[in-house]
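As a plain string of letters, each chain reads:
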Amino acid sequence: MAVDSPFYVERSGDDQALAVIRRLGVTLYIDGERQVGKSSLLMRVLAAAETSGKRTVTVDCQGLSQNILGDEDRFYRWFCVQLAQELDLEDDLDRHWERYRKGGNSSCCTQYLKHQILAQVSEPVVIALDEVEMLIDAPFKSQFFGMLRNWHNRRAHDQPMKRVDLVLISSTEPHQLIENLNQSPFNVGEKIKMEDFTPGQVADLNQRHGSPFDAAHLEQLATLLGGHPFLVRQALYWVASGRQTAAELLATATREQGAFGEHLRHLRLRLDRRPELQLAEGMKLIVNGSGHRVPKAVAVRLEAAGLVRAETNTAEPRCELYRLYFRESLG
């Protein structure tokens, strides 16, 4: 969502995040379920950083292919190229890699940052990594996140590294990405926890759209979606733009031709993309009230996908729309 959008909903962590990024040498962790608005907040954070005279790099992990995620050397090279390209620098990666490869990929990456990136950029640099949960199956994930923790720690004694800010965006629990919390970048610095919209925020957003939902229909929408930010915005836009009435949207909500059809089809395809993970089987158990029977590893991945909320001993669909749709589509 654009930084200046009139439909952006400020939440309790916004002011904290913007204040943090204006300081020098910070680590910021933005945590929350998928499509809760983390990337929109990130855009505001980066805009504030640039206003403060910092250069910014955004590394979006969502588009990473399995080929890169399965190959440590390729991943680290890809990561370094992203840093150079985002800052409009010549990377000269191959020569550099040969020079430092004896120290391993993490060392190569760190030295590349210091001697190639920071040597050419005089301003502070914000490195933002969005959707880092995509690395959950990467065999080198602990090593990579341990490297980021090392970057954080280096600020205490390494002058160039004091100019490096880290912003990490994730929708899964940190221990799923790095087991040793003493080497984790997620428990240092500042943390912002993003939640679903409150009823008051949904009502306010409805007013900003010209009140396309009356009080009765807004209550039904809240029952169906909870405060799911993406789905609430979709519903308000759909009705405000005249594509359906509020009553029609609610009546066709679970249909693939309805307002949420594309979104629901995308989620359904995600369940089938990795059959060996048994995500569809796990989701079927959850929507039919047997979330306590779902293996923890399956529940964790469904939660990272934004489909469920996993508690200690069970899991529940994130919203009633998901319960209704997947109960029907999974049979």
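Residues numbered from 1 in each chain as written. Predicted model: local features only at pLDDT ≥ 70, side-chain atom pairs only at ≥ 80, totals over all residues. Heavy atoms only, no water.

**Q** So what's going on with the overall build of the protein? Residues and values would help.
**A** In terms of regular secondary structure, the protein is built from 15 helices and seven strands. Against the 2.2 N^0.38 benchmark of 20 Å for 331 residues, the protein shows a C-alpha radius of gyration of 22 Å, consistent with a compact globule. For the protein, the spread of C-alpha atoms along the three principal axes comes to 65 × 45 × 30 Å. The buried share of the protein, taken over its 331 residues, is 54%. Taking the intrachain contacts of the protein between residues at least 6 apart in sequence as the baseline, contacts between residues at least 24 apart amount to 73%. Working note: accessible area of the protein is about 15200 Å², and carbon and sulfur atoms make up 47% of it. One finds the centroid of the 40 positive side-chain charges in the protein at a distance of 3 Å from the centroid of its 44 negative side-chain charges. (Helix = DSSP H or I, 4+ residues; strand = E, 2+ residues; numbered from the N terminus. Rg over C-alpha atoms; globule rule 2.2 N^0.38 Å. Buried < 20%, exposed > 50% of the residue type's maximum accessible area, 1.4 Å probe, protein only. Contact = heavy atoms within 4.5 Å. Areas by Shrake-Rupley, 256 points an atom, 1.4 Å probe, with all protein chains shown as cover. Lys, Arg positive; Asp, Glu negative; His and termini not counted. Charge placed at Lys NZ, Arg CZ, Asp CG, Glu CD.)

**Q** Explain the nonpolar core to me, using residue names and the numbers behind them.
**A** Residues Phe 79, Ile 127, Phe 144 and Trp 151 are the most contacted members of the largest nonpolar core, which totals 48 residues. Every element with two or more residues in this core is listed here: strand S2 (55-60), helix H3 (66-69), helix H4 (72-86), helix H5 (93-100), helix H6 (105-117), strand S3 (125-130), helix H7 (141-154) and strand S4 (164-170). At eight residues, H4 tops the list of elements feeding residues into this core. Setting aside chain neighbours within four positions, we find Trp 151 in contact with Phe 79, Cys 109, Thr 110, Leu 113, Ile 127, Met 161 and Leu 166. Formed by 45 residues, the second largest nonpolar core is a distinct cluster that contains Leu 236, Val 294, Leu 302 and Tyr 322. (Core = buried A, V, L, I, M, F, W, Y, C linked by side-chain atoms within 4.5 Å.)

**Q** Would you mind going over the pairing of strand S1 (residues 27-31) in detail, with residue names and values included?
**A** The buried fraction of S1 amounts to five of the five residues, a majority that puts the element mostly inside the structure. Of the two faces of S1, the one carrying Thr 27, Tyr 29 and Asp 31 and the one carrying Leu 28 and Ile 30 are both buried. Examined bridge by bridge, S1 and S4 share five bridges and lie parallel to one another. The residue of S4 that forms the bridge with Asp 31 is Ser 170. Of the strand pairs in this sheet, S1 and strand S5 (residues 190-193) are connected by four bridges, and their pairing is parallel. Bridge pairing links Asp 31 to Lys 193 in S5. (Pairing = 2+ DSSP bridges.)

**Q** Give me the lowdown on the layout of surface pockets, citing residues and values where you can.
**A** Sizing a probe to match a water molecule and rolling it over the atoms shows the empty space that remains. Taken as a whole, the largest pocket spans an internal volume of roughly 560 Å³. When contributions to the lining of the largest pocket are tallied by element, the ones reaching two or more residues are H3, helix H12 (261-273) and helix H14 (296-304). The leading source of residues in the lining of the largest pocket is H12, at five residues. Counted by class, the lining of the largest pocket contains 12 nonpolar, three polar and eight charged residues. Reported here for the second largest pocket is a volume of approximately 370 Å³. Together, 20 residues line the second largest pocket, and Gln 35, Val 36, Gly 37, Lys 38 and Ser 40 are the ones closest to its centre. Secondary-structure elements contributing two or more residues to the lining of the second largest pocket are helix H2 (38-51) and helix H10 (229-240). Here the lining of the second largest pocket gets five residues from one element, more than from any other, and that element is H10. Here the residues of the lining of the second largest pocket are counted per class, giving eight nonpolar, five polar and seven charged. (1 Å grid on protein atoms, 1.4 Å probe; cavity = no way out; pocket = protein on both sides within 12 Å on 5 of 7 lines; lining within 4 Å. Points joined across faces, edges and corners; volume = space filled by probe spheres on them. Nonpolar A, V, L, I, M, F, W, Y, C, P; charged D, E, K, R; others polar.)

**Q** Explain the environment of Gly 13 to me, using residue names and the numbers behind them.
**A** Within the fold, Gly 13 resides in the segment before helix H1 (14-21). Spatially, the C-alpha atoms of Gly 13 and His 157 are 30 Å apart, while their sequence positions differ by 144 residues.

**Q** Report on unusual backbone geometry, specifying residues and quantitative values.
**A** Of note, the phi angle at Glu 131 is positive, near 55°, even though the residue is not glycine. Mapped onto the fold, Glu 131 is located in the loop between S3 and H7. Here Glu 131 falls in the buried class, since its relative accessible area comes to 12%. Here the phi dihedral of Ser 211 falls at roughly 55°; this positive angle occurs in a residue that is not glycine. Summarising the element assignment, Ser 211 is placed in the loop between helix H8 (199-208) and helix H9 (215-225). Taking the relative accessible area as the measure of exposure, Ser 211 reaches 42% and is therefore partly exposed.

**Q** Report on empty space enclosed by the protein, specifying residues and quantitative values.
**A** Tallying each qualifying case throughout the model produces one cavity of 30 Å³ or more. Here the largest cavity defines a volume of roughly 40 Å³. As for the largest cavity, its lining consists of Arg 34, Gln 35, His 228, His 263, Leu 267, Ala 305, Gly 306, Leu 307, Arg 318 and Tyr 322. By residue class, the composition of the lining of the largest cavity is four nonpolar, four polar and two charged.

**Q** Talk me through the packing of H6 against H7; I want residue IDs and the actual numbers.
**A** Where H6 contacts H7, the two axes come as close as 10 Å, and the packing angle between them is 40°. Considered as vectors, H6 and H7 are oriented oblique to each other. Read as a crossing pair, H6 and H7 show a hand that is right-handed. Residue-level inspection shows Asn 105, Ser 106, Cys 109, Thr 110, Leu 113 and Lys 114 of H6 in contact with H7, the latter providing Gln 143, Met 147, Trp 151 and Arg 154. (Axes fitted to C-alpha atoms, helices over the stretch in contact; angles between N-to-C directions. Parallel < 35°, antiparallel > 145°, perpendicular 65-115°, else oblique. Left-handed = near helix turned anticlockwise from the far one by under 90°.)

Note that all results are geometric; they support no functional claim without further evidence.
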